[in-house]
Amino acid sequence: MRTLFPFNDGWIFTPGFNGTATDAVVDGTPVTLPHNAVDLPFAYFDEKSYCQEFTYQKRFVADSSWAGKEVSLVFDGAMADSVVYINGQQVVAHPDGYTPFEARLTTHLHAGENIITVKIDGSENPAIPPFGARLDYLTYAGIYREVWLRVTDAVYIENCKIETPNALADLKSVTLTADIANPQALDLTNSQLEIVLRDANGQEKGRTQAAVSGTQAHIALEGLQDIELWDIDNPALYILTLTLTTPAGVDETAIRFGFRTVEFTLDGFSLNGRIIKLRGLNRHQSFPYIGYALGRAAQERDADILKYELKLNIARTSHYPQSRWFLDRCDEIGLLVFEEIPGWQHIGNVAWQKASVENVRQMIRRDWNHPSIVIWGVRINESKDNHDFYEETNRVARALDSTRAISGVRCIPESELLEDVYSMNDFILGMEEIDGNRPRTALRPQKEVTGLNKLVPYLITEFNGHMFPTKIYDHEQRQAEHVLRHLEVLDAAYGDPQVAGAIGWCAFDYNTHKDFGSGDRICHHGVMDMFREPKFAAYAYASQCEPSEGVILKPVTFWTRGERNHGGVLPLIILTNCDEVVLESGSLPPRHFAPDRKRFPHLPHAPVMIYREDYPGQEFGHWGMGWQDVVFTGYVDGKPVTEVRFVANPVASQLELVADNQQIVAGDCVRLMARILDQVGNKLPYMFEPVSINIDGPAELVGPSNVSLSAGAVGFWLIARGPGDIVVNVSHARLGTTQVKIASTAGERHE
Ligand code: GAL
């Protein structure tokens, strides 16, 4: 039987690597995985600080029951170049920071204590993709994902691919290809594989078995009844349990998957035969201070934010395979994914290209059972054409997975299309600022980009970003322009049936190299900041959902008289999915406003736009005039459903502290947001005063305990290091202390 033990506690971490000491544990800091080798300040740091070697060591006792079994360590991910030793003997080297790898310990185990040593080199080694040139993101060193100790019988299931060939038929089927590992080369006569299909409630839907003789087994279940399709609104998941019986024993594993079809055609993207316009954002997997090393809860939470707060239907894992927890969550909540190999503009030499092809193989073999993944990116993001290299990435991807479209993200027009879908980072909006001949254009016509004389499946994979960086503390007019640019591209994508969808740059601000960002080592390109606190542009996306999924009403203003040039709040964009919005302020009669479908004819929900001409001669907040409170009321189907109020005289009134979750499992992390609000609950956008964070209980604070608010809010993460009550106090000089309690319960979450 197979057992999978979390292998994350009790590591000893040391900077540097003493090559001779791999069979003895050197003095160092006790750490738990996931772990970030060098924590960084929020901004203005030296990003070379983690570009060096590190050592992780762990003692463990081999159990006598493991005799004759296969014992491996499974690393979900470590950055950037890892070498694993057991008792001084090297067992595996893995020069890639984003894909998993295994260290086979079987023949090296001693009775009693054993020592694992992992050498990590965080350098930007030009032999390893994505390195070799400049890079607009950081690749924080460390064993930043979980490690598992896997003990199986001598013959075991190494991997399996599940396909659902006729998912739209009434009677459905599942085909399975299982790779069987038999490292001890045992005779497999009389071996067999049984598969059992169950729905998410555990109800059996079918079972079958087949004889196994070699290292690959094919098996199918046909005529399956009452199977629900996986869809974005109803992400029905099924579990296939595989039981392999061989002379060595029994190995069992379970894989979760879904029944669905995905296709990119000239009509766009279709899921289960239904065209869906893709509306998404790119996601980097980084967090403030701790880089990549936040565990399951933070990964899941990001997926939830993209789906439920930003109301997206797709995310792109720019620019590398991301955490399995993130992808698992996308499966669970129905968030589509564009996943791609590591890389950024630069293509290295032939050996580098081979490593990149290997990344294609590893990414697809790790992730082919995720129903959420609908397309593979098999070009280096924004690289030049390289026919031979990309023929090979395409060939490998197609051979591994014939069920999904493949693509590759480019920014260079007329680049060679070897893939199924031409994906373009179209940064044309904003070019009018430097190219006087071009009028403001949201998206270029497809044929102008591809240079082809025919239409092809076409997807926009980035826009905005560096063309209009916008900080959460930027002034209202700039943020309003940021909103307009996101709306304009979305509107253009919705209006063009030749565009499968648009995935903007990007969801969250991210730390980056000195060559990029605002000099502070931050690209302020997100519609949310690094704490995942929304900027106004977040609501450009959120407001595109139906009111039944959440009513959105977000006036793009701080409602102050002197914030904008000339004063006042007009023109005012109100991001909303309401049918109409009523504005009431002071002695002005209430006014109804409808969404501006003239200016945004294609959006599912055009914003309400209030122009200066709507209030001739009595413009709000004209310099020197009085200033009043306001209430905006949103109506759906003729009924008031939500309202937003602003006061004319905001004062700091309340220190709010909100945890994403007040019940967590030891080992998990949780985000908290502290905000200073005015008397009606609005965040004070120009509040930058300091607060202090105090934690009592079994938890570790990620980042410093004295921080300044940024635009009225600051976030932080806690990692629960054991069971018990965690009391979090945040204090502010004027507003006192606010407390939140979090219960951390025992137990480790398994798959
Ligand atoms: C693109 C690139 C992204 C990011 C973005 C900023 O060129 O693919 O990674 O740098 O620009 O707008």
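Everything in this summary refers to the structure shown in the same document. (Residues numbered from 1 in each chain as written. Predicted model: local features only at pLDDT ≥ 70, side-chain atom pairs only at ≥ 80, totals over all residues. Heavy atoms only, no water.)

### Here we look at the site of the ligand
As a reminder of what qualifies: Note on terminology: near, applied to a residue and a molecule or strand, indicates that one of the residue's heavy atoms is within 4 Å of it. Pairing of N or O atoms within 3.5 Å defines a polar contact, subject to two protein rules: one partner must be a possible hydrogen donor and the other a possible acceptor, and residues neighboring in sequence count only if both atoms are side-chain atoms.
Inspection of the region around the ligand gives 13 residues, with D136, H319, W344, E382 and H466 positioned closest. Note that an oxygen atom of the ligand is positioned 2.7 Å from one of the side-chain N or O atoms of W344. Between E382 and the ligand, the recorded distance is 2.5 Å, taken from a side-chain N or O atom to an oxygen atom.

### Quick look at unusual backbone geometry
As a reminder, the rule being used: To qualify as a helix, a DSSP run of H or I must reach at least 4 residues; to qualify as a strand, a run of E must reach at least 2; elements of each kind are numbered from the N terminus. Burial classification: accessible surface area is computed with a 1.4 Å probe over protein chains only, and a residue below 20% of its type maximum counts as buried, one above 50% as exposed, and the rest as partly exposed.
The residue after S318, namely H319, is reached through a cis peptide bond having omega -10 degrees. Tracing the chain through its elements places H319 in the loop between β22 (314-317) and α2 (324-333). The residue after L570, namely P571, is reached through a cis peptide bond having omega -5 degrees. Its place among the elements puts P571 in the loop between β31 (553-555) and β32 (572-576). In this model, Y44 sits at a positive phi of 50 degrees, which is unusual for a non-glycine residue. In this structure, Y44 sits in the loop between β3 (29-31) and β4 (53-62). Since its relative accessible area comes to 63%, Y44 is described here as exposed. Phi at K311 is positive, roughly 60 degrees, even though this residue is not glycine. With respect to the helices and strands, K311 occurs in the loop between α1 (296-309) and β22.

### Quick word on the packing of helix α3 (residues 350-367) against helix α4 (residues 387-400)
To be explicit about the condition: Axis definition: a line fit to C-alpha positions, over the contact stretch in the case of helices; interaxial angles, taken between N-to-C directions, run 0 to 180 degrees. Roughly parallel here means an angle under 35 degrees, roughly antiparallel means over 145, roughly perpendicular means 65 to 115, and every remaining angle is called oblique. Crossing handedness is defined as follows: a turn of the near helix away from the far one that is anticlockwise and smaller than a right angle gives a left-handed crossing, while the clockwise case is right-handed. We call two residues in contact when some of their heavy atoms are within 4.5 Å.
Packing of α3 against α4 leaves a shortest axis separation of 10 Å and a crossing angle of 20 degrees. Looking at the two axes, α3 sits roughly parallel to α4. In the packing of α3 onto α4, the handedness of the crossing is right-handed. Packed against α3, whose contacting residues are W352, Q353, S356, V357, V360, R361, I364 and R365, the element α4 presents F389, E392, T393, V396, A397 and L400 at the interface.

Remember that the coordinates give geometry; whether it matters functionally is a separate question.
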